Amino acid sequence: MENSAITDNGLGVEVALALTQAVPYRVFTLDAPMRLVIDFREVAFEANLDVLDQSDLVASVAGGAFRPGWSRLVMELSGPLAVQKAALETDLNEGDAVVRVVLEPATPEEFAASAGAPGEDSAPLTEPVQRDDGKLIVALDPGHGGVDPGAQRGGHDEADLMLQFARELKEALLRGEVDEVVMTRTDDSFVSLPARVSLARAGNADLFISLHADALVEGRATGTTIYTLSEEASDRASALLAERQDRQDILAGVDLRAQDDQIATVLMDLARLETAPRADMLADQLVIGMRERLGSLHKRPRLKAGFSVLKAPDIPSVLIELGFMSSQSDLDNLMDPVWRAQAAEGIVDAIGAWAVEEEAQRSRAGQ
């Protein structure tokens, strides 16, 4: 929590908590005594609390585990201060973020009326994206780029092929039912995995699609595969692909290995209770749509693995392996504009079907 601070802001207080990645979070107040509470997945507070205890309006700051795997930061207030603003600010270049909470004076009665711990099944303050403006926004993530070319074969780089396909897919989506497309990169530049997710979130994306065409060192594979997130990979090949994606960030100077201990992943599991089924539904529709357009996919077109780029808890996310550059037939397909157009139309069909089902489920929930 380096670079975090609690400072006096006129008659109120501003709390800034620096995170290494944008995440959902939960903020609430408790009375008798008056406290501000922020819940996190387990975080090492002890060495960092001194930097937070610098406001005359905050009597004390304490933090630590309050149940297995979870931590709580508690600030005892010197007087009644109500939460006027709680926002997540993201650095689109680095993927870092700051949770900023602004407290302003309130009467004791106002404070008491708004205080109280939320239930265990309550939603995080940053909820999954569900706007009611009717717009459909898709984030496209062409894998790799810059110092990370991805898989290479016959003078072709995965990064270049995926950027080309993403551009073509963007145009196909905008001709269809999609109102806006957010691209995580538009040229041959390196974008870290956390920053890709942050760009999707900053663009208010309804869903996130990462595009890849990897190569397998061990074994043979052909055809398109759609992945959703799981800590347990469907098979060894899927696990190796996920490890390889993370390794590219490590080689480029973005080490993801220790992030689980550093990121304040507030209520991620709770948010994923909603987004995971929606991601599964999108992946299922992608299998149907792309199979209808392409005729055949990978022998197991629906798989799961722990791809870091799919770990946004608030946006349904999938990763499409369009093919494997280690397969000559797949590489030929990726170079074929007709095949790419058919693949793009399959994705357009799938997103349209997903959006219809999303609306149907919302209507059923509202009845």
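Everything that follows concerns the structure shown earlier in this document.
So, how was this worked out
Residues numbered from 1 in each chain as written. Predicted model: local features only at pLDDT ≥ 70, side-chain atom pairs only at ≥ 80, totals over all residues. Heavy atoms only, no water. Phe/Tyr/Trp six-rings, centres within 6.5 Å; stacked < 30°, edge-to-face > 60°. Helix = DSSP H or I, 4+ residues; strand = E, 2+ residues; numbered from the N terminus. Buried < 20%, exposed > 50% of the residue type's maximum accessible area, 1.4 Å probe, protein only. Salt bridge = Lys/Arg side-chain N within 4 Å of Asp/Glu carboxyl O. Core = buried A, V, L, I, M, F, W, Y, C linked by side-chain atoms within 4.5 Å. Contact = heavy atoms within 4.5 Å.

What follows covers the packing of aromatic side chains. Scanning the model with the defined rule gives one aromatic pair in all. Here Tyr-227 and Phe-307 contribute two aromatic rings whose centre-to-centre distance is 5.1 Å and whose plane-to-plane angle is 70 degrees, an arrangement assigned as edge-to-face. You can see Tyr-227 sitting in strand 14 (residues 225–229) and its partner Phe-307 sitting in the loop between strand 15 (302–305) and strand 16 (317–321), a full 80 residues away along the chain. In terms of burial, Tyr-227 and Phe-307 fall into one category: buried.

Take the pattern of salt bridges next. Applying the stated criterion across every chain yields a total of nine salt bridges. Notably, a salt bridge pairs Arg-340 with Glu-168, separated by 2.8 Å at the nearest N-O pair. Of this pair, Arg-340 sits in helix 8 (residues 337–366) while Glu-168 sits in helix 2 (residues 158–175); the two residues are 172 residues apart in sequence, bridging distant segments of the chain. Here Glu-168 falls in the partly exposed class, since its relative accessible area comes to 30%. With a closest N to O distance of 2.8 Å, Asp-349 and Arg-293 form a salt bridge. One end of the pair, Asp-349, is in helix 8; the other, Arg-293, is in helix 6 (residues 268–294), with 56 residues separating them in the sequence. The class of Asp-349 is partly exposed, set by a relative accessible area of 31%. Relative accessible area serves as the criterion here: at 39%, Arg-293 is assigned to the partly exposed category. A single network of salt bridges, built from pairs that share partners, joins Asp-280, Asp-284 and Arg-302.

Leu-169, Leu-173, Ile-209, Met-290, Ile-320, Ile-347 and Ile-351 are the most contacted members of the largest nonpolar core, which has 43 residues in total. Mapped by element, the contributors of at least two residues to this core are strand 9 (137–142), helix 2, strand 12 (180–183), strand 13 (207–212), helix 6, strand 16, helix 7 (328–335) and helix 8. Filtering out sequence-adjacent residues up to four positions away, Ile-347 remains in contact with Phe-165, Leu-169, Ile-209, Leu-286, Met-290 and Ile-320. Judged by nonpolar contacts, the second largest core, of 19 residues, contains Leu-73, Met-75, Leu-77 and Val-101.

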